[in-house]
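# Notes for the structure review
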Amino acid sequence: MSDSDLVVQRKEGLYCPPGDFYIDPWRPVDRAVITHAHGDHSRRGNSHYLAAAPAEGVLRTRLGEIDLQTLPYGETIDHFGVRLSFHPAGHVLGSAQVRLEHGGRVWVASGDYYVAGSSADTREDNPTCAPFEPVRCHCFITESTFGLPIYRWQPQAELFAAIDDWWRANADAGRASLLIGYAFGKAQRILMGVDRSIGPIVVHGAVEPLNRAYRAAGIDIPETPIATEIKDRSIFRRALVVAPPSAQGSTWTRRFGDYSDAFASGWMQLRGARRRRSVDRGFVLSDHADWPGLQRAIAATGAERVIVTHGYEAVMVRWLTEQGFDAGAFATEYGHDDDDELPGDLGAAVAAAEHAATRVAESVSDAEAARVVVRPEDAPVDDAGA
Ligand SMILES: [Zn+2]
Ligand SMILES: [Zn+2]
């Protein structure tokens, strides 16, 4: 840590000393710069908020009346000599990386971001928001939610074909398809990605206000009736029902009669995750960068210094140091809240995967590490744990 750092860690959150503001503070502050509207990054109680313009609708949907100033992507604002601009992060509607320039130095705080695969392919962009844009900087503050070699997302076309196949088979058998995903971000990815011709799509009441904010921003989210408002329950037999995790196993599901359920999350890549969530199917769908995506995003910044926030910090810092980066970590209070929240019942599986990855990273290459750790989800339990 040096006096000239543009972002430091304080008990309230990540702080910019020359600009006297915080980025995604976890305690109330006077001036909060917000990367995106997930609950762990945009909390209530700050006096002033600054966010990227496309985030306005979702922020107000989630936080209600706040003193919010917005700035279009790429435009700059000057604050106590710090030039600040927002750049798309590809994570959810309005998500932004924050670029700070002061005294000839440029720092970028990523917030959460989505970029998949080891090379750019627009088919893998998140279609619900502006795609991630690499920004050159001296220091990059990166998230690392899925910063382990086991996390490699399959092509989106393949993933949605699998979801469609599951839905179609259920519809043909006359049972509802209940797909569980977080209400902000994940639900809209699902709604945009599935084949709307298979049957009706209905949503849980928690999803619809966010859908409205997306539609108001011009995103092509289908019109989706709310399940509790449907009188004729026979339509559920061919329906895809999109609902947040809180709905799973609740009395709310009784209206569907016979149904199959599935969980959509990056965590479904973990062996045993589907079984632990007690669902019929697990689909690996994330709004965060996978391991090759993180590497590619970090390289594209040209940064010599990288600071890792939430995720597998230790593994990522070790890997970056081996690659010659000046790497460190900030201890943040970003949980994963409503954003690919790490379900408590998966804690052991994650610990096992991290342990295995750390162990193999000491002696073998990245490719070998991936081979050691990745196994079919329901393979027999071994010494790495389930
Ligand atoms: Zn997020
Ligand atoms: Zn986050």
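Just so it is clear, the model here is predicted, and its values are computed rather than measured.

Criteria and thresholds
Residues numbered from 1 in each chain as written. Chains lettered and ligands numbered in written order. Predicted model: local features only at pLDDT ≥ 70, side-chain atom pairs only at ≥ 80, totals over all residues. Heavy atoms only, no water. Disulfide = S-S within 2.5 Å. Buried < 20%, exposed > 50% of the residue type's maximum accessible area, 1.4 Å probe, protein only. Donors = N, O, S within 2.8 Å, 3.2 Å for Na, K, Ca; no water. Helix = DSSP H or I, 4+ residues; strand = E, 2+ residues; numbered from the N terminus. pLDDT = per-residue confidence, 0-100. Contact = heavy atoms within 4.5 Å.

## Some thoughts on the state of the cysteines
Disulfides are covalent bonds that connect the sulfur atoms of two cysteines. The full count for this structure, using the stated rule, is zero disulfides. The structure places no disulfide on Cys-137, whose sulfur is separated from the nearest cysteine sulfur, that of Cys-139, by 6.9 Å. A relative accessible area of 1% places Cys-139 in the buried class.

## Observations concerning the coordination of the zinc ion (ligand 2)
Protein coordination at the zinc ion (ligand 2) comes from His-41 (NE2), Asp-112 (OD), Asp-112 (OD) and His-310 (NE2), with a distance range of 2.2 to 2.4 Å. We note that the donor set of the zinc ion (ligand 2) lies within a single chain, spaced as H-x70-D-x197-H. The distance between the zinc ion (ligand 2) and the zinc ion (ligand 1) is 4.0 Å, with Asp-112 acting as a donor to both metals. Here His-310 lies in strand β17 (residues 305–311) and His-41 lies in the loop between β4 (31–33) and β5 (48–52), a separation of 269 residues in the sequence. A residue is classified by how much of its surface remains accessible, and His-41, at 1% relative accessible area, is buried. Judged by relative accessible area, His-310 falls into the buried class, the value being 3%.

## Considerations on the confidence of the model for the protein chain
Per-residue confidence for the protein chain gives a mean pLDDT of 89, with 86% of residues at or over 70. Overall, residues 359–386 carries pLDDT values under 50, and its contacts beyond four positions in sequence, including any with other chains, amount to 44 contacts.

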